[in-house]
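A structural walkthrough
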Amino acid sequence: MTPRKENALIWGGTLLLIGVLTLWRMSVLTMQEDTGPLPAGQRSLKPVDLHASKQLMPALEPMVIAFELARGVQVRRSILDLDNPKGGLPDLNASSLCLVGEHEVDREMVRRFDLESTLLGQDSVTTARPRYYLLHVPRDQADSNVTDLAAYLTQPEQVDRLLKDDSP
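Values in this document were obtained by computation on a predicted structure and should not be read as measured data.

**Looking at the side chain of His51**
- Along the chain, the position of His51 falls in strand β1 (residues 48-53).
- By relative accessible area, His51 is classed as buried at 15%.
- Looking at His51, its side chain comes within polar contact range of the side chain of Ser78, at 2.6 Å.
- In contact with His51, other than residues within four places in its own chain, are Ser78, Leu80, Pro90, Leu92, Ser96, Leu97, Cys98 and Leu99.

**Comments concerning the pattern of salt bridges**
- Summed over the entire model, instances satisfying the criterion amount to four salt bridges.
- Note that Arg77 and Glu68 form a salt bridge whose closest N and O atoms lie 3.3 Å from each other.
- Residue Arg77 is classed as partly exposed on the basis of its relative accessible area, which comes to 29%.
- With relative accessibility at 19%, the residue Glu68 sits in the buried group.

**Re the packing of helix α2 (residues 57-71) against helix α5 (residues 156-163)**
- It is the contact of α2 with α5, at a shortest axis distance of 8 Å, that shows an interaxial angle of 145°. Contact with α2, carried on its side by Ala59, Leu60 and Met63, involves Gln158, Arg161 and Leu162 of α5 and no other residues of that element.

**Some points on the nonpolar core**
- Residues Leu60, Leu99, Leu149 and Leu162 are the most contacted members of the largest nonpolar core, which totals 27 residues.
- Where this core is concerned, the elements lending two or more residues are β1, α2, β3 (96-101), β5 (132-136), α4 (144-153) and α5.
- Looking at this core, the element that brings in the most residues is α2, giving six residues.
- In this structure, Leu149 is in contact with Val48, Phe67, Val75 and Leu97, ignoring residues within four places of it in sequence.
- Leu92, Val100, Tyr133 and Leu135 belong to the second-largest nonpolar core, a separate cluster that totals seven residues.

**Comments concerning α2**
- For α2, built from 15 residues, the straight-helix expectation of 21 Å at 1.5 Å per residue is met to within 8% by its first-to-last C-alpha distance of 20 Å.
- Where α2 is concerned, the buried positions are Met57, Ala59, Leu60, Met63, Val64, Phe67 and Glu68.
- For α2, the elements touching its buried residues are β1, β2 (75-80), β3, α4 and α5.
- Note on α2: the residue one or two positions beyond its end, Gly72, has a positive phi of about 70°.

**Thoughts on the pairing of β2**
- Direction of pairing for β1 relative to β2: parallel, over a ladder of six bridges. Counted as the bridge partner of His51 is Ser78 from β2.
- Once the chain exits β1 it traverses α2 before rejoining the sheet at β2, and the crossover so formed is right-handed.

The rules behind these values
- Within each chain, residues carry numbers counting from 1 in the order of the written sequence.
- Note on the predicted model: pLDDT of at least 70 is required for a residue's local features to be given, and 80 or more for side-chain atom pairs to be given and counted; whole-chain, interface and lining totals, by contrast, use all residues.
- Each side-chain value is worked out from all heavy atoms of the structure, with water and hydrogens disregarded.
- In this description a helix means any DSSP run of H or I spanning at least four residues, a strand means any run of E spanning at least two, and both kinds are numbered starting from the N terminus.
- Categorising residues by exposure relies on relative accessible area from a 1.4 Å probe, with only protein chains included: less than 20% of the type maximum marks a residue as buried, more than 50% marks it as exposed, and the intermediate range marks it as partly exposed.
- Between N or O atoms, a polar contact is any pair within 3.5 Å; within protein, one atom must be a potential hydrogen donor and the other a potential acceptor, and residues adjacent in sequence are included only when both atoms are from side chains.
- Any two residues whose heavy atoms approach within 4.5 Å at even a single point are treated as in contact.
- Think of a salt bridge as a Lys or Arg side-chain nitrogen and an Asp or Glu carboxyl oxygen that are within 4 Å of each other.
- Working convention: axes come from line fits to C-alpha atoms, limited for helices to the stretch in contact. Angles between N-to-C directions cover 0 to 180 degrees.
- Buried Ala, Val, Leu, Ile, Met, Phe, Trp, Tyr and Cys residues that are joined via side-chain atoms within 4.5 Å together make up what is termed a nonpolar core.
- The length a helix should cover is 1.5 Å for every residue beyond the first.
- When DSSP finds at least two bridges between two strands, those strands are taken to pair.
- If you view a crossover with the strands going away from you and the path from the first strand over the helix to the second runs clockwise, you call it right-handed.

Right, here's the structure in full:
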């Protein structure tokens, strides 16, 4: 066998081995089962579902993109259709949260489903700015990415950025 054929065989075998190992590793990573809460210090890779009204989505978009880039977490965004009688608030699970107007929140629903709610724009009682509730399951049951996103969106500078477009 010539040296040229030997080199081609070595390169071909190496590439084939790398391809097989890559496919095996990807399949092992994607086929892992959810084993419950993560140990302290380990990050979750679960995506977050964020439901918000059509008016809030343009203001939320840059903040969500910044969160995704900083944390490496995918945030799937969906627009709520609360005007539709068949619409309404989505079922919230451990990896989802919802941002709705104060007038759209049913207090009984929050109590019935044991949701944690945070009022954004509480200081706007004297101003004409609307107020919004951020709803998600309680922190001890929620995925760590949900609690991180909720903490990020409730920071005073983020609330100001979110509500500034709605101010008169």
